[in-house]
Amino acid sequence: VFSAPSCSRLQLGESVLIHSGSGGVGQAAIAIALSLGCRVFTTVGSQAKRDFLLQRFPELNAGDVLNSRSTKFETEILRKTQGRGEWVGQCKSWL
């Protein structure tokens, strides 16, 4: 679960994967990570949700908003981070 104490471990230049980025908790996590200068990868389930996030957070790289309905996002993140992967924040609005 992505939480304020967990965010304190993030540092400038690090990358983070936030699942379900278009939900309320996901948006809060994205805002926190961006404010810390992190590169944010996020997953969404539809083009409408992707478009919403890119409008809401213009700092997001369009190529870093990935399809949660595909398992290819793992390969994409590894490629984009030169095999390092990322810190994972799981965001669920039902907490």
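Residues numbered from 1 in each chain as written. Predicted model: local features only at pLDDT ≥ 70, side-chain atom pairs only at ≥ 80, totals over all residues. Heavy atoms only, no water.

K.L.:
I tried to follow the nonpolar core on my own but got confused; where do I start?
P.N.:
If you look at the biggest cluster of nonpolar residues, it comprises 14 residues, and the most contacted ones within it are Ile18, Ile30, Ala33, Val40 and Leu60. Elements represented by at least two residues in this core include exactly strand E1 (15-19), helix H2 (24-35) and strand E2 (39-44). Looking at this core element by element, the count peaks at four residues for H2. Excluding anything up to four places from it in sequence, isoleucine 30 contacts Ile18, Gly21, Val40, Thr42, Leu53, Phe57 and Leu60. Residues Leu17, Leu66, Phe73 and Ile77 belong to the second largest nonpolar core, which totals five residues. (Core = buried A, V, L, I, M, F, W, Y, C linked by side-chain atoms within 4.5 Å. Buried < 20%, exposed > 50% of the residue type's maximum accessible area, 1.4 Å probe, protein only. Helix = DSSP H or I, 4+ residues; strand = E, 2+ residues; numbered from the N terminus. Contact = heavy atoms within 4.5 Å.)

K.L.:
Sorry, what's going on with the pairing of E2 here?
P.N.:
For a regular strand, side-chain orientation follows a simple rule: the groups alternate between the two sheet faces. For E2, a buried count of five out of six residues is recorded, marking the element as mostly surrounded by other parts of the structure. Sheet topology places E1 next to E2; four bridges connect them, and they run parallel. Looking across to E2, one finds that valine 16 is bridged to valine 40. Between E1 and its parallel partner E2, the chain crosses via H2, and the hand of that crossover is right-handed. (Pairing = 2+ DSSP bridges. Right-handed = clockwise from strand over helix to strand, strands pointing away.)

K.L.:
I tried to follow the packing of aromatic side chains on my own but got confused; where do I start?
P.N.:
Each aromatic ring pair is characterised by the separation of its centres together with the angle its planes make. Throughout the structure, instances matching the rule amount to zero aromatic pairs. For arginine 56, the ring lying beneath its charged end belongs to phenylalanine 57, and the centroid distance is 4.6 Å. (Phe/Tyr/Trp six-rings, centres within 6.5 Å; stacked < 30°, edge-to-face > 60°. Lys NZ or Arg CZ within 6 Å of the ring centre and 35° of its normal.)

K.L.:
I'm lost on the pairing of E1 in this one. Help?
P.N.:
Counted residue by residue, E1 has five buried out of five residues, so it is predominantly covered. The alternating pattern of E1 places Ser15, Leu17 and His19 and Val16 and Ile18 on opposite faces, both of which are buried.

K.L.:
In this structure, what is going on with unusual backbone geometry? I would like to understand it.
P.N.:
Negative phi is the rule for most residues except glycine; trans is the rule for most peptide bonds. Positioned with a positive phi, serine 20 is a non-glycine residue whose angle comes to about 55°. Position of serine 20 relative to the elements: it lies in the loop between E1 and H2.

K.L.:
Mind showing me how you'd approach the confidence of the model for the chain here?
P.N.:
Where the model shows low pLDDT, its predicted coordinates should not be examined in detail. Per-residue confidence for the chain averages 81 on the pLDDT scale, and 80% of its residues sit at or above 70. Ranking the elements of the chain by mean pLDDT puts helix H1 (residues 4-7) last with 48 and helix H3 (residues 47-56) first with 97. Within the model, the stretch residues 1-5 combines pLDDT values under 50 with twelve contacts to residues more than four positions away or in other chains. Low confidence marks residues 91-95, where pLDDT is under 50. Its contacts with residues over four positions away, or in another chain, come to eleven contacts. (pLDDT = per-residue confidence, 0-100.)

K.L.:
Looking at this structure, I do not really get the pattern of salt bridges. What am I missing?
P.N.:
It is possible for side chains of opposite charge to pair when their charged atoms get near one another. Summed over all chains, the structure comprises three salt bridges. We note a salt bridge from arginine 39 to aspartate 64, for which the minimum N-O separation is 2.9 Å. Highlighted residues: arginine 39 in strand E2 and aspartate 64 in the loop between H3 and strand E3 (65-67), separated in sequence by 25 residues. Salt-bridge contacts for aspartate 64 lead to lysine 80; the nearest nitrogen and oxygen are separated by 3.6 Å. Within this pair, whereas aspartate 64 is found in the loop between H3 and E3, its partner lysine 80 is found in helix H4 (residues 72-80), the two being separated by 16 residues in sequence. Residue aspartate 64 is classed as buried on the basis of its relative accessible area, which comes to 2%. (Salt bridge = Lys/Arg side-chain N within 4 Å of Asp/Glu carboxyl O.)

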